[in-house]
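# Working through the structure, step by step
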Amino acid sequence: MNENHLTSLIDQMTLDEKIAQLMQLATPFYKGASNEGQITGPMASMGISEEVIRSSGSVLGASGAKEIINIQKTHLSENRLGIPLLFMSDIIHGYKTIFPVPLAIGCSWDLESAEKSAEIAAKEAAVSGVHVTFAPMVDLVRDPRWGRVMESTGEDPFLNSQFAEAFVHGFQGEKLETDHDRVAACVKHFAAYGAPEGGRDYNTVDMSERQLREYYLPAYKAALDVGCEMVMTAFNTVDGIPASGNKKLMRDLLRDEWNFDGVLISDWGAVKELIPHGVAEDTQEAAKKAITAGVDIEMMTPCYVHHLVDLVKEGQVNEALIDEAVLRILQLKQKLGLFENPYRGANEEREREIVLSDSHRQTARDLASKSCVLLRNESVLPLNADQKVALIGPFADNGDILGAWSWLGSKDDAIKLSDAFSTRIDSGQLSIAKGCDIETGSNEQIDEALRTAENADVIVLALGEHSDMSGEAGCLADIRLPEAQLNLITALKKLGKPMISVLFNGRPLDLHGVIEHTDAVLEAWYPGTEGGAAIVDLLYGDTNPSGRLTMSFPYSVGQVPVYYNNYNTGRPKDAPDAQERYVSQYLDIPNEPLFPFGFGLSYTTFSYSDITLSADTIKPGQPLSISVSVTNTGNVAGEEVVQLYIRDVAGEVVRPLKELKGFKKIMVAPGETKQVTFELTEEQLRYHHSDLSFESDPGAFVAYVGSNSKDGTARQFELIK
Ligand code: GLC
């Protein structure tokens, strides 16, 4: 069906049918769904008519080829013009083969593996009938109190942009029309959802447009620049107007300035939430504001279907706005080939072969081992095979390692730490105890742990948060491990045995109580279906840890927000002439985070030398090459993430102390030296000025090359224009 057919199809549609095409409903509204008719809670009061369901445009949350084929078949038999449904679901870090949470994938600094994970997620989802995934989530994050930091790739706009591109490539491939093993991607949450005040979900986001453009917008733009098909609105306000009713953000910027002509969907209920936000008095005004702002699909609230017909008839909303929204939705259906084949890739037989296959599991295991970050190691790792291990903690034998937004993944499919240890060493070498629950504990549990550890050579502590202690609405004001787990550590420490902490969590934690009492700390995040196996690979050195943090670990929650690309202030604490008191500092804690962006240890060590610039100036069209030699000075092979940062010494506005501009993850054999070269361009030195112009300024710059955002070797250069 080509463009003309689509417009002639729209001409055949009644106004009611057009508006119903803008409605997205969850599966209980649809015949053929496994939960058909289970319309409960707020859904029950939505007032959705049978006519709306018959003419609706898309379904949220369907899964499985059988269910989706059933729903589509029934729908097509009842839809007057035979317009197929779009099936959209949250496939964030895997479909049934669950990969590490995106914050962990970000810590792999491995774009190729990230793309591969999205490709596999798409393949499993597409064969199960899904057409669109509500991913990637690319919200920049600086506040670990916010539960959804687990869903982001971190605090840096450049790195987030690189991952955004990788995920979109993985989900969509190069030919979405013909490659039925791919799904359309939907970048979210537009915009700046990751910056809620107080780290409290759905809370106010308020910042300058310059800050928005400099830090929070690049990753969405990166996703769209590589063809991401959809955008989802954010729940929050942007400069005082909720995103879903924000014409300046959606029409002026997204559509006009960025030329995005794909489908814009609201987040769940976000159109109706214009009322509690206080920019709409009722659902009619909410409908008018959202359609005027350019929101094509209303997810799970009925403002459009209840009011747009009247608003058009009363001349308050131009029908052309409805037509353009419908056209964009039909164009996406056409791009996915649904008019020719409404079932696209859905295939029950292939589904059984593909979903959760061994090769998918292996890819998940490899990516998980690349995503874990070794934060401390006082020569107790790697373990050796003849040691007796006491595996203790609430995550010792716990499948809750998939993390939030893994709704189709099953904990029963997960390789737990206990499973992996049992496979790796003889049962006589392994003893397991819970020691405490995640948030509560008892003396009996601790006594059992002490007995279990009595004859062990080493204690492996498996600690962390419930997966629902992060994720949507999973915000915490206290980001330390629960008291019960800290008590367990203190009790076991008295045994005087080497202790290794493995952490399962969805956010940077305040690690006091852990870092000073245990000899090694491995940040495993939520490592996914193969998590236990990946962690044991790392603990025994079968794989050398290579993860690097993409979000700072604060010294304490009082430091938050703390991030590496901060400004210097007029009274930097570390200035040569700094006063004792009147500088930017805390009286009770350091300014620096506990662990900085880019940090991570290896079982080997690397040295940097011969950092040279191809010139001491850079010009437009004349890039600067920055080379460094990296030597593996240890006795095992390992991957190093070589990082390039720059500092613009004096700008028209204040400039961050460091900005990541390049990275390369390289494998280096023991004793080997590899040269790494970065090409820095003038374009990469551009930034948003006070008038929002995006350009570079001539003047002094510093390049830093190193293994993280804190330790780098400086080289000066100058931009000449
Ligand atoms: C949620 C989330 C969004 C998700 C949507 C559909 O509230 O904010 O990320 O895609 O609903 O499940």
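Let me sum up the structure you'll find in this document. (Residues numbered from 1 in each chain as written. Predicted model: local features only at pLDDT ≥ 70, side-chain atom pairs only at ≥ 80, totals over all residues. Heavy atoms only, no water.)

## Focus on the pattern of salt bridges
With the rule as written, the count across this model stands at 40 salt bridges. The partner of Asp179 in a salt bridge is Arg182, and the shortest N-O contact between them spans 3.1 Å. Judged by its relative accessible area of 24%, Asp179 is partly exposed. Judged by its relative accessible area of 14%, Arg182 is buried. Of the charged contacts in the structure, one is a salt bridge between Asp648 and Arg655, with a shortest N-O distance of 3.5 Å. For the pair shown, Asp648 and Arg655 are each scored as buried. One connected set of salt bridges, linked through shared partners, spans Arg251, Arg255, Asp261, Asp296, Glu324 and Arg328. (Salt bridge = Lys/Arg side-chain N within 4 Å of Asp/Glu carboxyl O. Buried < 20%, exposed > 50% of the residue type's maximum accessible area, 1.4 Å probe, protein only.)

## Here's the deal with the site of the ligand
Surrounding the ligand, one finds 13 residues, the nearest of these being Asp90, Arg148, Lys188, His189 and Asp267. Within the contact set of the ligand, an oxygen atom lies 2.5 Å away from a side-chain nitrogen or oxygen of Asp90. Between the ligand and Arg148, the relevant distance is 2.7 Å, taken from an oxygen atom to a side-chain nitrogen or oxygen of the residue. Protein contact buries 92% of the 310 Å² of open area that the ligand shows by itself. Class assignment of the residues belonging to the shell around the ligand gives a composition of seven nonpolar, one polar and five charged. (Near = heavy atom within 4 Å. Polar contact = N/O pair within 3.5 Å; in protein donor to acceptor, adjacent residues only side chain to side chain. Areas by Shrake-Rupley, 256 points an atom, 1.4 Å probe, with all protein chains shown as cover. Nonpolar A, V, L, I, M, F, W, Y, C, P; charged D, E, K, R; others polar.)

## Describing the sheet that holds strand β6 (residues 230–233)
Reading across from one edge, β9-β6-β5-β4-β3-β2-β1-β10 is the order of the eight strands in this open sheet, with parallel pairing throughout. Taken across any chain shown, the strands that pair with only one partner, and hence form the sheet edges, are β9 (263–265) and β10 (298–299). (Pairing = 2+ DSSP bridges. Helix = DSSP H or I, 4+ residues; strand = E, 2+ residues; numbered from the N terminus.)

## Overview of unusual backbone geometry
Looking along the chain, the bond that leaves Ala135 and enters Pro136 is cis, with omega of 10°. Checked against the element boundaries, Pro136 lands in the loop between β4 (132–133) and α7 (157–172). Cis geometry marks the peptide bond from Lys188 to His189, where omega comes out at -5°. Residue Leu356 is not a glycine yet carries a positive backbone phi of 65°.

## Structural notes on the nonpolar core
Of all hydrophobic cores here, the largest spans 216 residues; its most connected members are Phe190, Tyr304, Leu308, Phe421, Ile500, Phe504 and Leu539. Of all the elements, helix α6 (residues 111–127) adds the most residues to this core, at eight residues. Sequence-distant contacts of Phe190, defined by excluding residues within four places in its chain, comprise Leu217, Tyr220, Val231, Met232, Thr233, Ala234, Ala243, Leu249, Met250, Leu253, Leu254 and Trp258. Core analysis: the second largest hydrophobic core is formed by 22 residues, Ile666, Phe678, Ala703 and Phe717 among them. (Core = buried A, V, L, I, M, F, W, Y, C linked by side-chain atoms within 4.5 Å. Contact = heavy atoms within 4.5 Å.)

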